[in-house]
Amino acid sequence: MRDYLLTLCVTAAVTYLLTGPVRKFAIATGAMPEIRARDVHREPTPRLGGIAMFFGLCAGLLVADHLQNLNSVFEQSNEPRALLSGAALIWLIGVLDDKFELDALIKLGAQMISAGVMVAQGLTILWLPIPGVGTVALTPWQGTLLTVALVVLTINAVNFVDGLDGLAAGMVCIAAAAFFLYAYRLWYGYTIEAAAPATLFAAILMGMCLGFLPHNMHPARIFMGDSGSMLIGLILAASAISITGQVDPDALKIFEGSTRQATHAALPVFIPLVLPLTIIAIPMADLVLAIVRRTWKGQSPFAADRGHLHHRLLEIGHSHSRAVLIMYFWSALIAFGTLAYSVHSTSMWIVLGVVALSAIGLVLLLLPRFTPRAPRWAQSVVPPRYRRRKPAVAPAEAVESVDAAQSAGDGDAAEEEREPVPAGVNGATAIGHRSRFSDRSKAGARG
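Going along each chain's sequence as written, the residues are numbered from 1 onward. For a predicted model such as this one, the threshold for reporting local features is a pLDDT of at least 70, and the threshold for listing and counting side-chain atom pairs is 80 or more; totals across whole chains, interfaces and linings nevertheless cover every residue. With hydrogens and water stripped out, all remaining heavy atoms of the structure feed into the side-chain values.

For the rest of this paragraph, the subject is helix H8 (residues 196-216). Per the convention used, a helix needs a DSSP run of H or I reaching at least four residues, while a strand needs a run of E reaching at least two, with both numbered from the N terminus. Here a helix's expected span is defined as the number of its residues, less one, multiplied by 1.5 Å. In a regular helix each residue adds 1.5 Å, so 21 residues correspond to 30 Å; H8 covers 30 Å between its end C-alpha atoms and thus fits that length. Throughout this description, buried means an accessible area under 20% of the type-specific maximum (1.4 Å probe, protein chains only), exposed means over 50%, and partly exposed covers the range between. Along H8, 19 of the 21 residues are buried, which leaves the element largely enclosed by surrounding structure.

Written as structure tokens, this is what we have:
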């Protein structure tokens, strides 16, 4: 555990320290796209945060290779090299997309090629544990297709959820933490060395996200872009594939005894099939809903819109930070709830706890819809959001005073209009003025 924590800390430190210089590089190279209709930020923000995350990945793998307890992962398995090869390819395509905005089909093809590169080097699904049947070996073609499908789905699910400051990095960090605990338990508790690569991948992924989050929390100073979102999605999928494809269920001796006993004992092995889906359940649901919504409207499944889950949270009335925290809550509940159930599947308290937390999550989710209004006598002592709104129609005297002020200041308005807009708190307007569009739909929106 100490070596894993050291690897995590080194990865986080390298990612954090490199993000600042990468931000300046992104501003200098013009990797700051115009604000689109679906964006929620109000000033141009540099991308290319994935560059710092990729070098954090390289630093984590390099440190782990020189640690005595983790060096065996590189000697006994080719999976770290396979991961680095696929990650380098998908990262390069992401960098080009952040700068030049590549076509969606080109990115899809690059995702499939990256998954194929990992499969060619041994990072693939070899068998599946099926309840009541046992271990089913897959043919090379079946394993390849299943691996590529899982990689592509995970990458796009993470990419789709990357719409608010700190959302994708935080959710993937939560998922990686749950997966790290599961993989470490499988490696340490069952003494299965084949689970060590997945444990290492999850630790490095946590370090990448934790190192980038301080720069990406609202208000974000830099975005990870597709170079970051596709990269962390690929690493998350690789962790799941490593356990599912390399850990032999028969080594745990679970298919013994009665059917009920075998079912409970087999849960730690079935979880690799379920946990990768649960830890990205929210991004995956967002992906499926987006495809259905756009296809129903006669649009391309890759067409951008403002119908994602995080956009709907903002429309309900949640603030930017609260919408992100709600998504964090549901991600943690699903991931760690599944993890806890895999450890103590016979405990009813876990089920009751998940149900209770789900009820709390629903209340928090719908809170803006049922915001109570305080009585008139308590208006001065309650927070502003609980006060009754004042009438929208202003008195006649106020309207006249406003008109007089506007007519008197017409000459000064022209001078103010010509003054340059100062840089925002994020420094994102370091080159070029801030957009003056009051309506985002006018700010160079493209579907």
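After that view, the rundown keeps rolling.
Before going further, it helps to spend a moment on helix H5 (residues 104-120). Taking 1.5 Å of rise per residue, the 17 residues of H5 would be expected to cover 24 Å, and the 24 Å separating its terminal C-alpha atoms lies within 8% of that figure. Listed in full, the buried residues belonging to H5 are Lys 107, Ala 110, Gln 111, Ser 114, Ala 115, Met 118 and Val 119. Polar contacts here mean pairs of N or O atoms no more than 3.5 Å apart (in protein, one a potential hydrogen donor and the other a potential acceptor; neighbouring residues in sequence count only if both atoms are side-chain atoms). Two to three positions downstream of the cap, the backbone nitrogen of Leu 105 sits 3.0 Å from a side-chain oxygen, assigning the N-cap of H5 to Asp 103. Positive phi appears at Gly 122, one or two residues downstream of H5, with a value of about 105°.

Here we come to the environment of Ile 155. Along the chain, Ile 155 turns up in helix H6 (residues 140-161). In this structure, the C-alpha to C-alpha distance between Ile 155 and Ala 237, residues 82 residues apart in sequence, is 7.8 Å. Non-local contacts of Ile 155, meaning those with residues more than four positions away in its chain, are made with Ile 90, Gln 111, Met 230, Gly 233 and Leu 234. Note on definitions: a residue-residue contact is assigned when non-hydrogen atoms from the two residues lie within 4.5 Å.

Take the pattern of salt bridges next. Should a side-chain nitrogen of Lys or Arg be within 4 Å of a carboxyl oxygen of Asp or Glu, the pair is scored as a salt bridge. Within the structure shown, the criterion is met by two salt bridges. Asp 97 is paired through a salt bridge with Lys 107; the nearest N and O atoms lie 3.6 Å apart. Taken together, the positions of Asp 97 in helix H4 (residues 79-100) and Lys 107 in helix H5 put the pair ten residues apart, joining distant regions of the chain. Notably, a salt bridge pairs Lys 107 with Asp 226, separated by 2.9 Å at the nearest N-O pair. In this pair, Lys 107 sits in helix H5 while Asp 226 sits in helix H9 (residues 225-246), placing the two residues 119 residues apart along the sequence. One salt-bridge network, held together by shared partners, links Asp 97, Lys 107 and Asp 226.

Another aspect to go through is unusual backbone geometry. Omega for the bond connecting His 218 with Pro 219 falls within 30 degrees of zero, at -5°, which places this linkage in the cis form. Here Pro 219 shows up in the loop between H8 and H9. With phi around 70°, Leu 48 is a residue other than glycine that occupies positive phi space. Looking at the element boundaries, Leu 48 is found in the loop between helix H1 (2-29) and helix H2 (50-65). Despite not being glycine, Glu 101 shows a phi value in the positive range, around 55°.

This part takes up the environment of Thr 154. Among the structural elements, Thr 154 can be located in helix H6. Given the relative accessible area of 2%, Thr 154 is considered buried. Considering only alpha carbons, one finds Thr 154 and Leu 234, 80 residues apart in sequence, at a separation of 6.9 Å.

Another point: the packing of aromatic side chains. Here the aromatic set is Phe, Tyr and Trp, taking the six-membered ring for Trp, and pairing holds for ring centres within 6.5 Å; pairs whose planes are under 30 degrees apart are stacked, those over 60 apart are edge-to-face, and all others are tilted. Tallied over the full model, the rule gives eight aromatic pairs. Consider the rings of Phe 55 and Trp 91, whose centres lie 6.3 Å apart with planes at 80°: the pair is edge-to-face. Here Phe 55, found in helix H2, pairs with Trp 91, found in helix H4; they are 36 residues apart in sequence, far enough to count as distant. Using a relative accessible area of 39% as the deciding quantity, one classes Phe 55 as partly exposed. Ring geometry for Phe 329 and Trp 330: centres 5.9 Å apart, planes at 85°, overall edge-to-face. Accessibility expressed as a relative area gives 25% for Phe 329, which makes it partly exposed. On the basis of relative accessible area, Trp 330 is assigned to the buried category, the value being 19%. One aromatic cluster is present, built from ring pairs that chain together Tyr 4, Phe 180 and Tyr 184.

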